[in-house]
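The chain contents come next:
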Amino acid sequence: MPQKSYRQALNEALRHEMRRDSRVILIGEDIAGGAGCEGEEDAYGGVLGVTKGLVGEFGRARVIDTPISESAIMGATAGAALAGLRPVADLMFVDFLGVCFDQIFNQAAKFRYMFGGKAVTPMVMRAMIGGGFRAGGQHSQTLHPMFTMVPGLKVVMPSNPYDAKGLLIQAIRDDDPVIFLEHKAMYDMTGDVPDEAYAIPFGEAKITRSGDDVTVVAFSLMVDRANQAADLLKKEGISVEVIDPRTTSPLDLDTILESIENTGRLVVVDESPPRCSLAADVAAQVAEHGFEHLEAPIIQVTCPHTPSPFSPTLEDLYMPSVDRIADAIRKVAKK
Amino acid sequence: MSLHPIIVPKWGLAMEEGTVSGWLVREGATITAGEEIAEIETSKIANVLEAAASGTLRRIVASEGEVRPVGALIGVIADGDEEDAAIDAFVADYEQRFASEAETGPSAPSPETVTVDGQGTRILVVGDDDNKIPAVLIHGFGGDLDNWMFNQSEWATGRRTISVELPGHGQSDKNVGDGSLQTLARRVIAVMDHRGIESAHLVGHSMGAAVALTIARLAPGKVASLSAVCGVGFGGTVNRDYVEGFVGAQKRKDMKPFAEMLFADPALVTRELVDALVDYKRLDGVPEALRTVADNALGATSIAELEAATAGLNLPVLALFGAEDRIVPTPGAPAAHTITGAGHMAHMEKAETVNARIADFMTSNDR
């Protein structure tokens, strides 16, 4: 099967859906910018090049550059969706959420409910999340817990190129607002990606390692780190099951609980500060619904409750590392 | 002096490494060629490794539970009186060569996509020796090239073998036309023409056997012999619950029970095998393609017509059946051709037996 990067997989998903459905449009900063400039036949394709090549094929009517105004981007996107288009907005850094809170949380997420089910809002908001880029406190957050807690939004966190393509296609075909979070440290990650279009349904976790001793639930970039920890611990005789929920809303709690029934032990890895995190959410739900199967306390591996540091040394300590994940697994495995 | 390496075999296109899940003989034991010596687990399925040579199992290099890449040394067979130093030197030499080959990249055959009748069709060619009549392998409903992971290279000694991915299946184009046996058969014939194959031994599994029978009807001169593994059209009735379940399954949990029906031992069905089936079914066009093929090629009328029309075919035929086949159960199958301990995927579950039976059958019809 062809090997493609996470970036290419996303680009293919957009291209497939734009070819299939003329209602699909792109809205964002610099996604068409640069096109036609001297020495530049194509647009830059967004800040990390995900939409490169699309303005050439689909034109400026469907690949729309905006001023630097996230509130305008999200407002226009929600309105276009209400009016019958299927827009995909690029918010760039998820950290800019604050300036378009109302458009997402109080408008797009609520339309279906406020209009008695007569309105659908088929929009996607793509945004970059995560640390490791030495980008400081204002460009390194994940913020997925904030979206996950709002009913009416679907929240997607692909952890590899295959899922990135299939989940983005599903997001575009979905009739509800979907928050699609791409980890900026993964754009160059490669993996098997079919040339054809395919849609991965929301709310179906993927088991990336099978094991019997400890269950690890991890999201986005943390899935790869949890897999590495599982491979490391296999050599120590600890058998680890790694679950990637792929979407945090809806959340496939059944797969997590089934695994806990077998292992009795849970480590949740979440690249966000600990309070009200996805780790806290999963831990609480497992404690409530799977308590009788637990044989050890649940451990949450998260960032500390502090803004992301700019110092590279400190940032490496801030994000959950393979070592920290492995240590947590060893700790519960022994009990 | 004769020293023979035992290595991790390459079973299937995706296999990069194998886990030695168990040794069936101890160090120092005398073994004969063809004896089952170890269990190897791929990411999709487990299988038994046979000794390629007779002698003494002098050295176990990879112990139980170890994961080694394809081609890596896991043991050494040698004469009982071979000196330990010679075994040590052999192991060191093999591992050094293996490491340097790994850097230059794999030389295993890889599948290619050919365009026939305007449609992309994925095939895998193994073996290039045309002294014997080539073999063409046709998988069943919902199958792909990987279904022959334990078989194709075994039949490729002195023989060109081509496995074909049917329309709508694997990575071939998803346009199945009317989804009839004739349409599927014509695609295989087109691949044979494309490769300049005038006549071939056809090997078909399940619906692939019905496709092979249809080729024999449409182009009798192209078929030197026909081997059917749990074939549709050989007296059994297709289990419609399975077909509908396979077509309808959307999620991993819905698919798992149907994947388990394929094997006598459901424990052989791994998470990866189910994931691969679900991933395939999510490709655009696949659900519609499977629906069309299920209704036409696997429709009751189609199979009844096939059985009536092929009754009089003048062709060497070997039909093998799985004793515990739940997909195409054939209670009236002759005992001599029924493989015990095998379900519908007899060529995966009891690969050694099927490989040997079909290899002998093809050789006896090579002339």
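Residues numbered from 1 in each chain as written. Chains lettered and ligands numbered in written order. Predicted model: local features only at pLDDT ≥ 70, side-chain atom pairs only at ≥ 80, totals over all residues. Heavy atoms only, no water.

A. Structural context of the overall build of chain A. Along its length, chain A carries 12 helices and 14 strands. Taken over 335 residues, chain A has a buried fraction of 58%. Here chain A displays about 13,200 Å² of accessible surface, and carbon together with sulfur accounts for 54% of that area. Counting 32 positive and 46 negative side-chain charges, chain A places the averaged centre of each group 1 Å from the other. (Helix = DSSP H or I, 4+ residues; strand = E, 2+ residues; numbered from the N terminus. Buried < 20%, exposed > 50% of the residue type's maximum accessible area, 1.4 Å probe, protein only. Areas by Shrake-Rupley, 256 points an atom, 1.4 Å probe, with all protein chains shown as cover. Lys, Arg positive; Asp, Glu negative; His and termini not counted. Charge placed at Lys NZ, Arg CZ, Asp CG, Glu CD.)

B. Expanded view of the pattern of salt bridges. All names here are of chain A. Under the criterion given, the structure shown has 43 salt bridges over all chains. Among the ionic pairs, Asp176 bridges to Lys154, the shortest N-O distance being 3.3 Å. Of this pair, Asp176 sits in the loop between helix H7 (161-173) and strand E7 (178-183) while Lys154 sits in strand E6 (residues 154-156); the two residues are 22 residues apart in sequence, bridging distant segments of the chain. Of the charged contacts in the structure, one is a salt bridge between Asp231 and Arg209, with a shortest N-O distance of 2.8 Å. Of this pair, Asp231 sits in helix H8 (residues 221-234) while Arg209 sits in strand E9 (residues 206-209), and the two are 22 residues apart along the sequence. Its relative accessible area of 34% is what places Asp231 among the partly exposed residues. Linked by salt bridges that have partners in common, Lys4, Glu12, Lys165 and Asp195 make up one network. (Salt bridge = Lys/Arg side-chain N within 4 Å of Asp/Glu carboxyl O.)

C. Structural context of the nonpolar core. In this structure, Val267(A), Ile329(A) and Phe141(B) are the most contacted members of the largest nonpolar core, which totals 159 residues. Per-domain counts for this core show at least three residues from each of domain 1 (3-192) and domain 2 (206-333) of chain A. With residues up to four places along the chain from it excluded, the contact list for Ile329(A) reads Val214(A), Val216(A), Ala229(A), Leu233(A), Ile238(A), Val240(A) and Val267(A). (Core = buried A, V, L, I, M, F, W, Y, C linked by side-chain atoms within 4.5 Å. Domains from an automatic or database assignment. Contact = heavy atoms within 4.5 Å.)

D. Geometry of the interface of chain B and chain A. With 13 residues of chain B in contact, the opposing surface of chain A contributes 26 residues. Note that Lys206(A) is salt-bridged to Asp275(B), the shortest N-O span being 3.9 Å. Counting the contacts that link chain B with chain A gives 11 residue pairs in polar contact (both at pLDDT 80 or more). For the side of chain B that touches chain A, the element with the highest residue contribution is helix H7 (residues 271-281) of chain B, accounting for three residues. Among the residues forming the side of chain B that touches chain A, the class breakdown is two nonpolar, two polar and nine charged. (Polar contact = N/O pair within 3.5 Å; in protein donor to acceptor, adjacent residues only side chain to side chain. Nonpolar A, V, L, I, M, F, W, Y, C, P; charged D, E, K, R; others polar.)

E. Just the state of the cysteines, in detail. Following the criterion strictly, the structure yields zero disulfides over all chains and no others. With no disulfide of its own, Cys276(A) has Cys303(A) as its nearest cysteine by sulfur position, at a separation of 15 Å. (Disulfide = S-S within 2.5 Å.)

F. Here's a closer look at the pairing of strand E4 (residues 36-41) of chain B. All names here are of chain B. Two elements, strand E2 (residues 17-23) and E4, share four bridges in a ladder whose sense is antiparallel. Counterpart to Trp23 in the pairing with E4 is Ala38. Connecting the antiparallel pair E4 and strand E5 (residues 46-50) is a turn made up of four residues. (Pairing = 2+ DSSP bridges.)

G. Inspection of empty space enclosed by the protein at higher detail. Residues and elements named next belong to chain A. One pass over the structure, following the stated rule, counts five cavities of 30 Å³ or more. Looking at the largest cavity, its volume works out to about 80 Å³. Residue assignment for the lining of the largest cavity shows that the elements contributing at least two residues are strand E4 (86-93) and strand E5 (124-129). Counting residues per element, the lining of the largest cavity draws most heavily on E5, which supplies three residues. In the lining of the largest cavity, the residues fall into seven nonpolar, four polar and three charged. (1 Å grid on protein atoms, 1.4 Å probe; cavity = no way out; pocket = protein on both sides within 12 Å on 5 of 7 lines; lining within 4 Å. Points joined across faces, edges and corners; volume = space filled by probe spheres on them.)

H. Structural view of the domain arrangement of chain A. All names here are of chain A. Split by domain assignment, chain A resolves into domain 1 (3-192) and domain 2 (206-333). Here domain 1 and domain 2 have C-alpha centroids that lie 27 Å from each other. Taken together, the 27 residues of domain 1 in the interface contact 23 residues of domain 2. Both faces considered, domain 1 and domain 2 share a buried interface measuring about 2,000 Å² in area, 54% of it formed by carbon and sulfur atoms. A salt bridge links Arg134 to Asp316; the shortest N-O distance between them is 3.0 Å. Between domain 1 and domain 2 we count 15 residue pairs in polar contact (both at pLDDT 80 or more) in total. When contributions to the side of domain 1 that touches domain 2 are tallied by element, the ones reaching two or more residues are helix H6 (144-148), E6 and H7. (Buried area = accessible area lost by both parts, 1.4 Å probe.)

I. Molecular detail of the sheet that holds strand E7 (residues 67-69) of chain B. Residue and element names in this part refer to chain B. Read from one edge to the other, the open sheet built from four strands follows the order E5-E4-E2-E7, with strand pairing classed as antiparallel. Sheet topology places E5 and E7 at the edges, where each strand pairs with a single neighbour. Each neighbouring strand pair of the sheet contributes to a mean axis angle of 40°, computed without reference to strand direction. Sheet topology places E2 next to E7; three bridges connect them, and they run antiparallel. Bridge pairing in E7 places Glu17 opposite Pro69. (Axes fitted to C-alpha atoms, helices over the stretch in contact; angles between N-to-C directions.)

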